[in-house]
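A look at the structure
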Amino acid sequence: MRATSSLIALFLAVSAAAHLHYELSIRELATRSAINKQCAAKTGAFTMERKKRSHGPSIIFCDRCHTRQQIISSWVRRRLNTIQLRLANLCIRHRFVLLGLVGAQRISHSSRNGRPTCTVHPGKTNATDDVPTILKAFKNCNNGGNVVFPAGNTYHINSRLNPVLNDVTIDWHGEWEFSQDLDYWRNNSYHIAFQNHAAGFVITGDNIRIDGFGTGGINGNGQLWYYDERGDPPVTPGATRPGRPMPFMFWNVSDVSVKNFYVVQPQLWSINIQNGTNMVFDNIYTNATSPEAPTGWNWVQNTDGFNTMDSRNIVLTNFVYQGGDDCIAIKPRSYDIFIRNVTCHSGNGIAIGSLGQYLEDSSVENVHIDQATIIKGGAQDSIGNAVYIKTWVGELVQGGDRDYESDYQPRGAGWGGVRNMLFSNFVVRGAKSGGVITQNNGDNGSFAGTSNMLVNNVAFVNFTGYLDGRSTTASVSCSTRHPCYNIDYENYTLYTSSNMTSAGTASCKWTAEGGVHGIKC
C-alpha cells in the first residue's frame, strides 16, 4: 500500500513536470549508454527500443519488469534525478505498469467558467462496466458542474443507473452502448408500473442540460431484443416480454433541455418522460431497425420514439423517427405539449394515448403538433395513421390489448377528457389513414362504444398527401356514453393512393349531433 501510494505520488510529479510544456525531440533524449548503465545496475538485463510515433517522446522498455517509462527531456530530467531513481526502484520491486494508469477508466478534473468539470474516460473493452465511473463523475460534479463524455469514446453500460442531478451540464459527445446481457436486464432493470415496462437508465433531478453535439447519444443494442422477441412469422407475431428496458428515461424532473442527441436500436421506447415539467428537446433522432426481419413483418414492436406521461410544458422540435410503433405518444395526464417539425418513417404514426387503461383520470389537454411528415417505410414497409387519438373501452376487460402490457389483469374503464388538440400542416405519404379518433382500445368484442373519456375540441388542419390504397381517409369512432364534439377537419385533402385523385370517404360513429365538421360522414 505504501509503495503504491509512493508510485501515485511519483506519477503526479511526473505529470506536473510534463505540463511544463517542454517539447521533446530526438536530440534531447538521454543517451542510451547512461540509461543502459543505470538499468543494468538495477535489473541485470535491459533492452531499449525506439518506436516511431506521430507525437511525444520515444519509449524505453524494461524487459524484466515489463514497464514502459516515458523519457523526459534532458533539461527536465536533470531536475528530476531523485524522481527517476525512485521510479527505477519501484519498477524493479513492484513490476507496475505506469502507462496502464493512463489507459484505464478514470475521471479528469478541471474547471470551466468557474464550474467544476468531470471528464469521463471509459474502459477499453465491453467487459468493463463504465457505469460506476459515470456515477462517480455525476456525484463529483453535481450541484453546479459539468460532466463531459468526449467524442470518439464508447461507454459500456453493463448495469442500470439512476443519477439524481441538480444544475448539471452534460457535454455528451461520445456514445453509451448497452450490454448484450439480456438476462441481466430482464432481472435487474427498474420496473415501470405503466404498461408493466422497465428502464435501464433513468435521470432524475432539476436544471439539467444535455447536448450531444450531433455525435453523442445512446445505442441500446436493440437488435438482440428484436430477434429474441421476434415470434414465429408468419404463424405468430412477435411480442414484448417483461424486463425489456427503455434506454433513456426521465422521471421526476424539471427544467431540462436535450439537443443534438440520438437514440439508436432502443430496446423499448427510445425516450420516455414521466413526471416531467418544463422540458425542451431539439434536434433529436431515434431509429429502431431490424434488417433480419422478413419483409412485411414488424420485429421492432414497442419501439416508440418520444413519450410523455404526467408531464407539463414539454417542447419537442426537429425530431426524426424510424421504428415499429408510435413515433410520438402523448400518454395520460400530459398537458401543454408543443411539437414542431417531425418526420416519422414507418411505425404507427403519432398518437394521443393510449388513455383510460387504468382506473384513474387519464386526461390530456392542450396539445399542438405542427409540421409533421408521415412516410411509409421500414422493414415492415408500412405506417399506420398519420395521427390518432386512442382511448380504452369503459369496462374492465381481460386480455384485450397485449396481456403483458396489462400485467395480466383486467384493464380499461379509465376516465377523463381529451381536449384542445391541434394537428396542423401534415404531409402524408402512404399511411393507412389520416386523422383518426378511436375509443375502443382493449375491446374484446363486447364493449365497443363504452369509453368513459370525452373527446372534444380537436382540429385536423392543412393535411395533404395520400394513403396506401385505403378508401377511408378520416375516421371518428367515439363513445355512446360521451359522444365527441367539436371535431374539425379543415383544408383536409388526402388521396387514396399516390396515383389517384380520389379523396376517399370518411366514417363517423358515436359522435354528438353536428359534432364533426369538414368531412362527409
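Residues numbered from 1 in each chain as written. Predicted model: local features only at pLDDT ≥ 70, side-chain atom pairs only at ≥ 80, totals over all residues. Heavy atoms only, no water.

Looking at an unreviewed UniProt entry, one finds the protein chain named galacturonan 1,4-alpha-galacturonidase and attributed to Karstenula rhodostoma CBS 690.94. Looking at the protein chain in UniProt, the text filed under Function (unreviewed entry) is "Specific in hydrolyzing the terminal glycosidic bond of polygalacturonic acid and oligogalacturonates." (UniProt positions renumbered as here; feature names shortened; annotations may be inferred.)

Before going further, it helps to spend a moment on the overall build of the protein chain. When you go through the protein chain residue by residue, the secondary structure sums to 8 helices and 28 strands. Considering the protein chain as a whole, with its 521 residues, one finds that 51% of them fall into the buried category. Considering only contacts in the protein chain between residues 6 or more positions apart, those separated by 24 or more positions represent 71%. Accessible area of the protein chain: about 22,500 Å², with a carbon and sulfur share of 49%. (Helix = DSSP H or I, 4+ residues; strand = E, 2+ residues; numbered from the N terminus. Buried < 20%, exposed > 50% of the residue type's maximum accessible area, 1.4 Å probe, protein only. Contact = heavy atoms within 4.5 Å. Areas by Shrake-Rupley, 256 points an atom, 1.4 Å probe, with all protein chains shown as cover.)

Now for the confidence of the model for the protein chain. Scored by pLDDT, the protein chain comes out at a mean of 85, with 79% of its residues at no less than 70. In this model residues 1-77 is a low-confidence stretch, pLDDT under 50, and it forms 97 contacts with partners more than four residues away in sequence or in other chains. Contacts for the low-pLDDT stretch residues 90-102, under 50 throughout, to residues beyond four places or in other chains number 27 contacts. (pLDDT = per-residue confidence, 0-100.)

The tally for this structure, following the rule as stated, stands at 4 disulfides. Across a sulfur-sulfur distance of 2.1 Å, Cys 118 and Cys 141 are joined as a disulfide pair. Note on the Cys 118 and Cys 141 pair: the S-S dihedral is about 80°, so by sign convention the disulfide is right-handed. Here the residue Cys 118 occupies a position in strand 4 (residues 115-121), and Cys 141 occupies one in the loop between helix 6 (131-140) and strand 5 (145-149), the gap between them amounting to 23 residues. Looking at Cys 118, the relative accessible area reads 0%, which means it is buried. The exposure class assigned to Cys 141 is buried, which follows from its relative accessible area of 1%. What pairs with Cys 508 in a disulfide is Cys 521, and their sulfur atoms sit 1.7 Å apart. Of this pair, Cys 508 sits in strand 27 (residues 505-509) while Cys 521 sits in the segment after strand 28 (516-517), placing them 13 residues apart in sequence. Looking at Cys 508, the relative accessible area reads 25%, which means it is partly exposed. Residue Cys 521 is classed as exposed on the basis of its relative accessible area, which comes to 57%. (Disulfide = S-S within 2.5 Å.)

On to the nonpolar core, then. Core analysis: the biggest nonpolar cluster contains 87 residues, and Trp 176, Phe 248, Phe 250, Ile 350 and Phe 423 have the highest contact counts within it. No other element matches strand 14 (residues 248-264), which puts 7 residues into this core. In this structure, Ile 350 is in contact with Cys 327, Ile 328, Val 342, Cys 344, Ile 369, Ala 372, Ile 374, Asn 385, Ala 386, Val 387, Tyr 388 and Phe 426, ignoring residues within four places of it in sequence. Ranked by size, the runner-up nonpolar core spans 10 residues in total, among them Ile 192, Phe 194, Val 202 and Tyr 358. (Core = buried A, V, L, I, M, F, W, Y, C linked by side-chain atoms within 4.5 Å.)

As judged from the 5 bridges shared by strand 5 and strand 7 (residues 164-172), these two strands associate in the parallel manner. For Val 147, the partnering residue across the bridge sits in strand 7 and is Ile 170. Pairing analysis gives 7 bridges linking strand 7 to strand 11 (residues 202-211), with the strands arranged parallel. Within the sheet, the bridge partner assigned to Asn 166 lies in strand 11 and is Asp 206. (Pairing = 2+ DSSP bridges.)

Moving on, we get to the environment of Ile 437. Mapped onto the elements, Ile 437 comes out in strand 23 (residues 433-441). With residues up to four places along the chain from it excluded, the contact list for Ile 437 reads Ile 389, Val 455, Phe 460, Ser 475, Val 476, Ser 477, Cys 478 and Ile 487.

So, about the side chain of Thr 133. Mapped onto the elements of the fold, Thr 133 is located in helix 6. Aside from chain neighbours lying at most four places away, what touches Thr 133 is Gln 105, Arg 106, Ile 107 and Val 120.

Judged by pairing direction, the sheet is mixed, and its 3 strands sit side by side in the order 9-10-13 without closing on themselves. Looking at strand neighbours, the two that pair on one side only are strand 9 (190-192) and strand 13 (245-246), the edges of this open sheet. As defined by bridge partners, strand 10 (residues 197-199) adjoins strand 13 across 2 bridges and the pair is classed as parallel. By the bridge assignment, Ala 199 is partnered in strand 13 with Met 246.

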